[in-house]
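Reading the structure
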Amino acid sequence: MEESAYVGYPGARAVFRDKRRGPTTLVTNSSWGSSISIIRSLGRKGWRVIAADRDPRSPGFYSRYAREHLLYPDPKVSPHEFAMTLLGATRDKGVDLIIPVSDEAILSLSRARAQFEGVCKLAMPEAATLEVVTNKFKTLDLAEQLGVPTPRTHLVHTAQEAVETVQALSWPVVLKPCASRLYTEQPAIKGFAVRYAENLNQLTEQMRHFEGHCSVLLQEYCLGSGQGVELLMHQGRPLAAFQHRRLREFPITGGPSAFRESVPLDPMLYRYSVQLLEALTWTGLAMVEFKVCADGPKLMEINGRVWGSLPLAVHSGMDFPARMAELYLYGPPNRNGAPDLRYAIGVRARHLDYDLEWIASVMLGRRCYPFLPMPSRRQGLVALLGLLNPSYKFDILSLEDPQPGLVEILNIVRKFSRRLKAAL
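The text that follows walks through the structure, step by step, so that each part is easy to find. (Residues numbered from 1 in each chain as written. Predicted model: local features only at pLDDT ≥ 70, side-chain atom pairs only at ≥ 80, totals over all residues. Heavy atoms only, no water.)

Another aspect to go through is the overall build of the protein chain. When you go through the protein chain residue by residue, the secondary structure sums to 14 helices and 18 strands. In terms of overall dimensions, the protein chain is globule-like: its C-alpha atoms have a radius of gyration of 22 Å, near the 22 Å expected for 424 residues. If you line up the protein chain on its principal axes, its C-alpha atoms span 65 × 50 × 45 Å. Within the protein chain, the proportion of its 424 residues that are buried is 54%. Relative to all contacts within the protein chain whose residues are 6 or more apart in sequence, the contacts with residues 24 or more apart total 66%. Split by element, the accessible area of the protein chain, about 19000 Å² in all, is 53% carbon and sulfur. Considering the protein chain, the positive charge centre built from 51 side chains and the negative charge centre built from 42 side chains are found 5 Å apart. (Helix = DSSP H or I, 4+ residues; strand = E, 2+ residues; numbered from the N terminus. Rg over C-alpha atoms; globule rule 2.2 N^0.38 Å. Buried < 20%, exposed > 50% of the residue type's maximum accessible area, 1.4 Å probe, protein only. Contact = heavy atoms within 4.5 Å. Areas by Shrake-Rupley, 256 points an atom, 1.4 Å probe, with all protein chains shown as cover. Lys, Arg positive; Asp, Glu negative; His and termini not counted. Charge placed at Lys NZ, Arg CZ, Asp CG, Glu CD.)

Here you go:
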């Protein structure tokens, strides 16, 4: 095996252990559409890609672009064992780059980062930078320092504090955990979800989910359009950018996008996004999420990992996966070059599972909170018929690489069949 003489930016290691096959990359969470986009993008370049997941039925295992697959322990339950499994696979298979996709994978690898030094590159931020974006209070504090608009927010730790503080806001209010994922002492990674309250009783009840576990951001509710600005950065300098608008989310109360479209890059949102990531000297991919309300945009969060709607960017001609991998392995392009802002506008893509969940929720009239606008059944029917629109893209379904999509459909059928049996 022959090493390349290439030397990238400081800290980059030589790649091409075998010039005939190019670099070897390992992609976690290969059941996710974003991971499969990465597998396909790097596989098209002729790179050796290892699809990795905790689920033996992972759709990514069946991609024509996955040379091998790796089954690992659930990082949420066994984070140390997960990291050690990847470390062993990296040594055995000569992995040059690991691309962790989920928060759990990133947290686990961040704890074990020192053991990967000199073995392979990790496509993730440094620990100190990661801390700012995983702690939503620190993110908002940075935004306020830079003049980036944010929702009115108060940090609380107990139900009593929340009751005393909520008087400064108007109903409804949003309860956001300071960190969506926490590395606890078991060891295990614990997750927390966003919740809502319309009165004091609900507020007290909802705070019980957080009290004693994590701090909470008590925040004004912002009604508006969810938009994300996605960037590839090198030490705070933008290399490429893309923007999308959410058309449907699941759950309807707010969550990952089920259906979205590419939109022109908004100069103001782009400027705010670059300011935030420049201040963090960010390297790698990130999504800066905003709610665009009647009184202007408000920062929601910085997603410091591969985001769920990544397939839309790739469908629109912005190949973030290949650019990111090349950045970590080869270093940045020409320092004087302008960022690439070219992509197709109006492209729409769906996460099939989430979109079917959204349609089912609307057709069944599952209203969670009275203050949230509920789509009509007519809108649900239009969304159902839209599944047949050939101009709309799918995160996983693809004629070029059909097997992952077929596995996804089988997994969805199994899930809905279990629910139907339980209901009967």
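All right, on to helix α8 (residues 200-207) then. Restricting attention to buried positions, one finds in α8 the residues L203, Q206 and M207. End-on view of α8: buried residues confined to an arc of 100°, all on one side of the axis. Buried residues along α8 sit in contact with β6 (153-156), α7 (159-165), β7 (173-177), β10 (195-197) and β11 (216-220). One side-chain oxygen of the residue at the start of α8 lies 3.2 Å from the amide nitrogen of N201, identifying that residue as N199. (Arc of directions from axis to C-beta. Polar contact = N/O pair within 3.5 Å; in protein donor to acceptor, adjacent residues only side chain to side chain.)

Attention now moves to the environment of L372. Among the structural elements, L372 can be located in the loop between α12 (352-364) and α13 (377-385). C-alpha separation for the pair L372 and T253, spaced 119 residues apart in sequence, amounts to 7.0 Å.

With that settled, consider a nonpolar patch on the surface. Together, M363, L381, L384 and L385 give the surface a local cluster of nonpolar side chains, amounting to about 330 Å² of exposed area. With three residues, α13 is the largest single contributor of residues to the nonpolar patch. Residue placement: L384 occurs in helix α13. For L384, a relative accessible area of 36% puts it in the partly exposed group. (Patch = residues over 30% accessible without salt bridge, like charges linked within 9 Å, V, L, I, M, F, W, Y side chains within 5 Å. Salt bridge = Lys/Arg side-chain N within 4 Å of Asp/Glu carboxyl O.)

Glancing now at the side chain of T129. Tracing the chain through its elements places T129 in helix α5 (residues 127-134). On the accessibility criterion, T129 (17% relative accessible area) is buried. If we ignore the near neighbours within four places in the chain, the residues touching T129 are L280 and W282.

Quick look at the pattern of salt bridges now. Counted under the stated rule, the structure contains 26 salt bridges. K298 serves as the salt-bridge partner of E220, at 3.8 Å between the closest nitrogen and oxygen. Of this pair, E220 sits in strand β11 while K298 sits in strand β16 (residues 296-303), placing them 78 residues apart in sequence. When its relative accessible area of 15% is taken as the criterion, E220 is described as buried. One salt bridge connects E357 with K415, and the closest N-O pair in it is separated by 2.8 Å. Here E357, found in helix α12, pairs with K415, found in helix α14 (residues 402-423); they are 58 residues apart in sequence, far enough to count as distant.

Before going further, it helps to examine the sheet that holds strand β1 (residues 24-27). Within the open sheet, the five strands sit side by side as β3-β2-β1-β4-β5. Their pairing is parallel. Of all strands in the sheet, those with a lone pairing partner are β3 (68-71) and β5 (121-122), marking the two edges. Inspection of the sheet shows strand β2 (residues 48-53) paired to β3 by four bridges, in the parallel sense. For A51, the partnering residue across the bridge sits in β3 and is H69. Running at roughly 150° to β3, helix α2 (residues 79-93) makes contact with β1, β2, β3 and β4 (97-99) of the sheet. (Pairing = 2+ DSSP bridges. Axes fitted to C-alpha atoms, helices over the stretch in contact; angles between N-to-C directions.)

A separate point is the nonpolar core. Core analysis: the biggest nonpolar cluster contains 44 residues, and L26, L86, I98, L109, F116, L231 and L277 have the highest contact counts within it. At six residues, the largest contribution of residues to this core is made by helix α9 (residues 267-279). In this structure, V49, F61, I99 and L327 belong to the second largest nonpolar core, which totals 35 residues. (Core = buried A, V, L, I, M, F, W, Y, C linked by side-chain atoms within 4.5 Å.)

Moving on: the packing of α12 against α14. The N-to-C vectors of α12 and α14 enclose an angle of 35°; their axes lie 10 Å apart at closest approach. In this structure, the crossing between α12 and α14 has a hand that is right-handed. Contacts from L352, D353, L356 and E357 in α12 reach E408, I409, I412, K415, F416 and R419 in α14. (Left-handed = near helix turned anticlockwise from the far one by under 90°.)

Next up on the list: the packing of α2 against helix α3 (residues 103-111). Running from amino to carboxyl end, α2 crosses α3 at an angle of 75°, the nearest separation of the two axes being 9 Å. Judged by the inter-axis angle, α2 sits roughly perpendicular to α3. Contacts between α2 and α3 involve P79, F82, A83 and L86 from the former and A105, S108 and L109 from the latter. Residues of the contact of α2 with α3, tallied by class, amount to six nonpolar, one polar and no charged. (Parallel < 35°, antiparallel > 145°, perpendicular 65-115°, else oblique. Nonpolar A, V, L, I, M, F, W, Y, C, P; charged D, E, K, R; others polar.)

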